[in-house]
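Structural characterization, general
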Amino acid sequence: MEEDCKPLLSPVRRGSYTHTGSTDSLDRAVRRPFHVEPRNIVEDAASERVTAEAAVLSSRVHYYGRLSASADRLLSPPDHVIPCPEEIYVYSPLGTAFKVTGGDGVSKNPSIITIFAIWNTMMGTSILSIPWGIKQSGFTLGITILVLMGLLTLYCCLRVLKSPKSIPYIDTSDWEFPDVCKYYFGTFGQWSSLLFSMVSLIGAMVVYWVLMSNFLFNTGKFIHNYAYNVSISDTDFGTNGSNRVICPFPDTGGDGRNASGISALYQLSGGNSSYYGNSSYYSDYYYGNSSYNGNDTSDTDLFDRWWSKTNTIPFYLIILLLPLLNFRSASFFARFTFLGTISVVYLIILVTMKAVRLGFHLEFHWFDSSEFFFPEFRLLCPQLTGVLTLAFFIHNCIITLMKSNKHQENNVRDLSLAYLLVGLTYLYVGVLIFATFPSPPLSKDCIEPNFLDNFPSSDILVFVARTCLLFQMTTVYPLLGYLVRVQMMSQIFGKHYPGFFHVFTLNVVIVAAGVCMARFYPNIGSIIRYSGATCGLALVFVFPSLIHMISLRRRGELSWPSAFFHSLLIVLGVANVAGQFFM
């Protein structure tokens, strides 16, 4: 066997002579490339033997390989012998052909592109709930938790990124984190990682459905009011002026939702305040059935009946989105992913403009609350940790994203910079919305889980934001459904698309979950924190920490400080989940 691997001619060195051809991307010591016809490519179907042409080409390339060492380019195979990169396959001893994936032929991105790709992937619906999370935990404690959660999730993400390299004697270049979990924990690790990954994806799809219902309702309401010259400014709970801020869910003494205990809201008018407190209007407004506009007509009543945020809009979306989920490929929708970046940039501009116009409204109460403000430290802080777990969650795809980085030695630096950029974005939006919320006359408790709900539907700048986000989510939702289908169907049936009936049934279940939540519990803050804490328990805290400790122990390098720290991370993950149910 050793004789077959030796070259027939000794290597020839020619100074600085180099030959850069198609063979640069081939490692002949590892792979024996050859070309096979497409009908002979083996996927999940029964194996087929390699054609005679492929066998001849394999022998020819093998002959060239024996003429010279792999480091010598003088007698390397000419370009016409080596097929194109997309037509290169690896010959298995069993006689089957497997396509070569990866390698040097894959395009690599510079660090700046990688950093912003991670930033764009992580920026999602959670950014809309960051101000609400800061309110739930208190201003000072909220900022502290945001920084600490960013550092903890970054460390766990680095552990995930390095986990394949901790496995000795096995080529893990094409492995993902579920493969690492399967290696260490067997079938349990494989299926549990799949389960928690499904929780994050389906949770995101449910949040998307709730938000799309919200954005579609407000967009349609803006168009209707503009077309029929309908004004509801006199009945909205909130401030007067051109930069109105509303409280769509005030405490009117009925449900005790606001911890500050205020029983009425005040509408600011030229420095004077007038009393407003209409609990029946509050209920109708929150559920999208408001008709208190001073211009009631039968047409307006009919519009309010058929254009309801929770009663009708979630069902209208089925007509649009359910057919899109059944597409075999999601490549068409992937072309619109750039809209996510545009939407986030516009949100940052919107928040900046609102902050300049509203000014800062802050009072620091360290241990007691007032009518309009909360103490700086609140016991509801686990709600923010749940939101941030999903906000900083990228652990299930970070290995794939970093493979395209041109300089692999800078992975740690680039990932850290990406997390820094994400954390600064969350901090900027959360702090500005909380600090500029007009208190008084409104209580800080009026900040909604979706901070866009604190602006009336007649606000043109917010209308543009809602429209952009609605279109962006309409294109991203099928992509999320495609990821759910691929991961679930591949594990169960071994195929991405086992059949229309299987795919349609799965999509109906996903859509039904979104419709039910949008109909009966349209609180994206709670949905995000529950799903974030649940999926983060395994994929952020438990699995990365356990894998790292097991790897160190097998090498005999596990120390007590390291074991204590990573065990503490697991405890924090469990406490994060428990806090969502008891706080």
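Residues numbered from 1 in each chain as written. Predicted model: local features only at pLDDT ≥ 70, side-chain atom pairs only at ≥ 80, totals over all residues. Heavy atoms only, no water.

In this section: the state of the cysteines. Considering all chains together, one arrives at one disulfide under this definition. The disulfide partner of cysteine 247 is cysteine 446, and the gap between their sulfur atoms is 2.1 Å. Taking the torsion about the sulfur-sulfur bond, which here is approximately -85 degrees, the covalent link between cysteine 247 and cysteine 446 counts as left-handed. Of this pair, cysteine 247 sits in the loop between α6 (177-228) and β4 (265-269) while cysteine 446 sits in the loop between α14 (411-436) and α15 (460-492); the two residues are 199 residues apart in sequence, bridging distant segments of the chain. Per residue, the accessibility class of cysteine 247 equals that of cysteine 446, and both read buried. For cysteine 397, which is in no disulfide, the shortest distance to another cysteine sulfur is to cysteine 157 and amounts to 8.3 Å. Assessed through its relative accessible area of 25%, cysteine 397 is described here as partly exposed. (Disulfide = S-S within 2.5 Å. Helix = DSSP H or I, 4+ residues; strand = E, 2+ residues; numbered from the N terminus. Buried < 20%, exposed > 50% of the residue type's maximum accessible area, 1.4 Å probe, protein only.)

This part is about the pattern of salt bridges. One pass over the full model with this rule turns up five salt bridges. A salt bridge links lysine 135 to aspartate 445; the shortest N-O distance between them is 3.6 Å. With lysine 135 in helix α4 (residues 130-137) and aspartate 445 in the loop between α14 and α15, the pair connects residues that are 310 residues apart, well separated along the chain. Residue lysine 135 is classed as buried on the basis of its relative accessible area, which comes to 2%. A relative accessible area of 5% means that aspartate 445 is categorised as buried. Two residues, aspartate 459 and lysine 354, come together in a salt bridge whose shortest N-O distance is 2.5 Å. Of this pair, aspartate 459 sits in the loop between α14 and α15 while lysine 354 sits in helix α11 (residues 338-358), and the two are 105 residues apart along the sequence. Relative accessible area serves as the criterion here: at 10%, aspartate 459 is assigned to the buried category. Among the residues examined, lysine 354 registers a relative accessible area of 4% and is labelled buried. (Salt bridge = Lys/Arg side-chain N within 4 Å of Asp/Glu carboxyl O.)

Quick look at helix α12 (residues 382-391) now. Count 3.6 residues to each turn of an α-helix, and residues three or four apart come out pointing the same way. Of all ten residues making up α12, ten are buried, and the element is well covered by its neighbours. Restricting attention to buried positions, one finds in α12 the residues Pro382, Gln383, Leu384, Thr385, Gly386, Val387, Leu388, Thr389, Leu390 and Ala391. Buried residues belonging to α12 abut α3 (111-122), α4, α5 (139-162), α14, α17 (524-554) and α18 (560-582). (Contact = heavy atoms within 4.5 Å.)

Where α11 meets α15, the axes come as close as 10 Å, and the angle between the chain directions of the two elements is 160 degrees. One element, α11, and the other, α15, form an angle in the roughly antiparallel class. Our pair here, α11 against α15, has a crossing hand that is left-handed. Note on element contacts: α15 touches α11 through Leu461, Val462, Val464, Ala465, Cys468, Leu469, Phe471, Gln472 and Thr475, opposite Leu339, Gly340, Ser343, Tyr346, Leu347, Leu350, Met353, Lys354 and Arg357. For the contact of α11 with α15, the per-class residue count stands at twelve nonpolar, four polar and two charged. (Axes fitted to C-alpha atoms, helices over the stretch in contact; angles between N-to-C directions. Parallel < 35°, antiparallel > 145°, perpendicular 65-115°, else oblique. Left-handed = near helix turned anticlockwise from the far one by under 90°. Nonpolar A, V, L, I, M, F, W, Y, C, P; charged D, E, K, R; others polar.)

Let us now look at the environment of phenylalanine 565. Within the secondary structure layout, phenylalanine 565 lies in helix α18. Classification of phenylalanine 565 as partly exposed rests on a relative accessible area of 34%. In the structure, phenylalanine 565 is positioned 20 residues away from serine 545 in sequence and 9.0 Å away in space, judged by C-alpha atoms.

On to α4. Here α4 lies mainly inside the structure; eight of its eight residues are buried. Those residues of α4 that fall on the buried side of the exposure criterion are Ile130, Pro131, Trp132, Gly133, Ile134, Lys135, Gln136 and Ser137. In this fold, the buried residues of α4 make contact with α5, α12, α14 and α17. Looking one or two residues past α4, glycine 138 carries a phi angle of roughly 100 degrees, positive in sign.

Orientation of α17 relative to α18, taken along the N-to-C sense of each, is 165 degrees, at an axis distance of 9 Å. If you check the angle between α17 and α18, you find them roughly antiparallel. As α17 packs across α18, the resulting crossing turns out to be left-handed. Contacts from Arg529, Tyr530, Ala533, Thr534, Leu537, Phe541, Val542, Ser545, Leu546, His548, Met549 and Leu552 in α17 reach Ser562, Ala563, His566, Ser567, Leu569, Ile570, Gly573, Val574, Asn576, Val577, Gln580 and Phe581 in α18. Partitioning the contact of α17 with α18 into residue classes produces 14 nonpolar, nine polar and one charged.

Attention now goes to the environment of serine 111. The residue serine 111 is located in helix α3 in this model. On the basis of relative accessible area, serine 111 is assigned to the buried category, the value being 12%. For the pair serine 111 and glutamine 408, spaced 297 residues apart in the sequence, the C-alpha separation amounts to 9.3 Å. Dropping the residues within four chain positions of it, serine 111 is found in contact with Asn405, Asn410, Arg413 and Asp414.

Non-glycine residue tyrosine 169 carries a positive phi angle of around 65 degrees. With respect to the helices, strands and loops of the structure, tyrosine 169 is situated in the loop between α5 and α6. Accessibility expressed as a relative area gives 86% for tyrosine 169, which makes it exposed.

Within the structure shown, the criterion is met by 17 aromatic pairs. When the ring of phenylalanine 392 is compared with that of tyrosine 426, the centres are 5.5 Å apart and the planes differ by 80 degrees; the resulting orientation is edge-to-face. Of this pair, phenylalanine 392 sits in the loop between α12 and α13 (398-403) while tyrosine 426 sits in helix α14, placing them 34 residues apart in sequence. Tyrosine 426 matches phenylalanine 392 in its accessibility class, with the two residues each being buried. (Phe/Tyr/Trp six-rings, centres within 6.5 Å; stacked < 30°, edge-to-face > 60°.)

On the surface, a nonpolar cluster with roughly 730 Å² of combined accessible area is contributed by Phe360, Leu362, Phe364, Trp366, Phe367 and Phe377. Its location among the elements puts phenylalanine 360 in the loop between α11 and α12. For phenylalanine 360, a relative accessible area of 57% gives the class exposed. (Patch = residues over 30% accessible without salt bridge, like charges linked within 9 Å, V, L, I, M, F, W, Y side chains within 5 Å. Areas by Shrake-Rupley, 256 points an atom, 1.4 Å probe, with all protein chains shown as cover.)

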